[in-house]
Amino acid sequence: MFVELSNTARKLCIIGDPVTHSKSPLLQNAMCQTLGLDYIYLCQPVKPEGLADFLSAAKVLDYAGFNATMPFKELLIPYLDELDPLAKKLGAVNTVCIRESKLYGYNTDCPGFVQALLDRGFDAKGKRVLLLGAGGAAKAVAVGLADAGAAAITVANRTQAKAEAVAELIQGQGSVTAWSVPALTKAAAECDLLVNATSLGMAGQGAFEDLSFLRALPPAAMAADLIYHPVETTLLKEARALGHKTMNGGPLLIHQAIFALEYFAGVHISPKSVVLPLIELLGRS
Ligand code: NAP
């Protein structure tokens with residue numbers, strides 16, 4: 001992709017370890033170009049022990065901000081001057097703005113997932129959710145859906161204590177079920193939305209040993225997977241074959257990026273102007 005770069009372009013980047021697989025530079029540079037925003041977005045590998053040095057350098061080099069992926073979403077918290085209430089509740093940030101050498105942290109994964117569902121005509125208000133996984137992404141999904149008014153969110157995770165911690169975050173709306181096929185089958189039968197927020201199904205990671213619980217989903221239930229590589233996981237393929245509406249991780253990736261750029265550039269971005277070209281760009285990448 002050809003990026004026309006001005007001498008006044010403000011710098012942005014994504015930090016992570018590893019990070020070179022990230023699609024954020026592709027998406028953010030395409031959005032900046034489409035919207036005429038004078039920014040350049042780089043991929044910046046940082047080791048955990050180099051985080052403090054990176055933050056000093058970013059301030060000196062006048063970066064407008066950066067996104068963070070594993071393992072920095074939680075590690076960044078003690079370094080921030082201000083934390084948005086949502087990021088505070090989650091204890092994790094994926095977006096940091098640098099203004100007058102101060103660091104402001106946000107989490108755009110929560111609203112990103114809710115908006116991705118809304119784009120597909122799924123309003124979480126009053127809905128019952130079965131959430132698989134209890135890592136960083138699952139936490140963001142749980143809080144996003146709870147804030148959007150989900151009636152009940154049942155969390156299942158291999159490590160049950162982590163599922164309990166996620167349910168605790170969304171008290172009143174959260175509960176836990178066991179990580180077993182009978183328990184998942186029972187919970188699936190009672191949900192309107194199934195979300196896979198584990199890494200099972202991702203290229204190079206493990207796979208679900210038994211997906212028979214999908215057959216218990218009510219006909220109108222939707223299945224979402226946060227994974228976008230592969231484009232369609234086995235879980236989504238099977239859910240689609242059973243007649244369910246499905247969504248992969250691409251729309252979340254795109255919407256969290258749109259919200260992040262709004263924070264960086266201080267502008268409102270109409271999703272309609274960028275979502276479809278970004279979905280095509282992701283598909284081609
Ligand atoms: P994480 O914090 O490392 O959590 C990983 C989750 O997967 C945990 O719940 C873990 O269970 C579970 N898991 C891993 N291996 C398992 C196995 N063999 N059997 C059962 N459960 C297993 O990772 P994360 O950041 O939450 O990311 C989770 C997934 O979401 C990844 O695939 C990631 O690529 C995707 N993601 C997508 C986006 C997007 O923009 N689309 C954004 C963020 C994340 P335990 O707690 O028992 O270990």
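Everything quoted here is computed from the prediction, not taken from an experiment.

Looking at the overall build of the protein chain
The number of helices and strands found in the protein chain is eleven helices and twelve strands. Its C-alpha atoms give the protein chain a radius of gyration of 19 Å, near enough to 19 Å, the size a compact globule of 285 residues would have. For the protein chain, the C-alpha atoms occupy an extent of roughly 60 × 35 × 35 Å along the three principal directions. Scored against the burial criterion, the 285 residues of the protein chain give a buried share of 47%. In the protein chain, the proportion of contacts linking residues at least 24 apart, taken out of those at least 6 apart, comes to 67%. Carbon and sulfur atoms provide 54% of the accessible area of the protein chain, an area that totals close to 13300 Å². For the protein chain, the separation between the mean place of its 24 positive charges and that of its 26 negative charges on side chains is 3 Å.

A short note on the environment of Asp17
The residue Asp17 is located in the loop between strand S1 (10–16) and helix H1 (24–35) in this model. Among the residues examined, Asp17 registers a relative accessible area of 27% and is labelled partly exposed. Sequence spacing of Asp17 and Leu226 is 209 residues, and the spatial spacing of their C-alpha atoms is 20 Å. Setting aside anything within four residues of it in sequence, one finds Asp17 in contact with Val46, Lys47, Pro48, Met70, Pro71 and Phe72. Of note is the side chain of Asp17, whose polar atom sits 3.1 Å from the side chain of Lys47.

Some thoughts on the sheet that holds strand S8 (residues 152–156)
Strand order across the open sheet formed by six strands is S9-S8-S7-S10-S11-S12, with parallel pairing between neighbours. Looking at the sheet topology across the chains shown, the edges are occupied by strand S9 (174–177) and strand S12 (245–247). Across this sheet, the average inter-strand angle for adjacent strands is 20°, counted without regard to direction. In the packing of helix H8 (residues 181–189) onto the sheet, contacts are made with strand S7 (128–132), S8 and S9, and the angle to S7 comes to roughly 150°.

Remarks on the pairing of strand S5 (residues 95–99)
In terms of burial, S5 is largely enclosed, as four of its five residues are buried. In terms of strand pairing, strand S3 (residues 63–68) meets S5 through three bridges, oriented antiparallel. Within the sheet, the bridge partner assigned to Phe66 lies in S5 and is Val96. In this structure, S5 lies alongside strand S6 (residues 102–106), joined through five bridges in antiparallel fashion. Each bridged residue has a counterpart across the sheet, and for Thr95 the counterpart in S6 is Tyr106. A loop of two residues connects S5 with S6, the two strands running antiparallel in sequence, and Glu100 in this loop sits at a positive phi of about 50°.

Observations regarding the site of the ligand
Close to the ligand lie 21 residues; Ala137, Asn157, Thr159, Lys162 and Leu226 are nearest. One of the backbone nitrogen or oxygen atoms of Gly136 is found 3.1 Å away from an oxygen atom of the ligand. Starting from 920 Å² of accessible surface for the ligand in isolation, the protein chains cover 77%. Where the shell around the ligand is concerned, the elements lending two or more residues are helix H6 (136–147) and helix H10 (250–265).

Here's the deal with the environment of Val96
Within the secondary structure layout, Val96 lies in strand S5. Through-space distance from the C-alpha of Val96 to that of Ala260 is 8.5 Å; in sequence the pair is 164 residues apart. Look past the residues within four positions of Val96 in its chain and what remains in contact with it is Ala64, Gly65, Phe66, Leu76, Leu80, Leu103, Tyr104 and Phe264.

Let's talk about the domain arrangement of the protein chain
By domain assignment, the protein chain separates into domain 1 (10–107 + 253–284) and domain 2 (110–248). A separation of 26 Å is found between the C-alpha centroids of domain 1 and domain 2. Contacts between the two partners involve twelve residues from domain 1, matched on the other side by 13 residues from domain 2. Summing the contributions of domain 1 and of domain 2, the shared interface buries around 1100 Å²; its carbon and sulfur component is 67%.

Scoring rules and cut-offs
- Residues numbered from 1 in each chain as written.
- Predicted model: local features only at pLDDT ≥ 70, side-chain atom pairs only at ≥ 80, totals over all residues.
- Heavy atoms only, no water.
- Helix = DSSP H or I, 4+ residues; strand = E, 2+ residues; numbered from the N terminus.
- Rg over C-alpha atoms; globule rule 2.2 N^0.38 Å.
- Buried < 20%, exposed > 50% of the residue type's maximum accessible area, 1.4 Å probe, protein only.
- Contact = heavy atoms within 4.5 Å.
- Areas by Shrake-Rupley, 256 points an atom, 1.4 Å probe, with all protein chains shown as cover.
- Lys, Arg positive; Asp, Glu negative; His and termini not counted.
- Charge placed at Lys NZ, Arg CZ, Asp CG, Glu CD.
- Polar contact = N/O pair within 3.5 Å; in protein donor to acceptor, adjacent residues only side chain to side chain.
- Pairing = 2+ DSSP bridges.
- Axes fitted to C-alpha atoms, helices over the stretch in contact; angles between N-to-C directions.
- Near = heavy atom within 4 Å.
- Domains from an automatic or database assignment.
- Buried area = accessible area lost by both parts, 1.4 Å probe.

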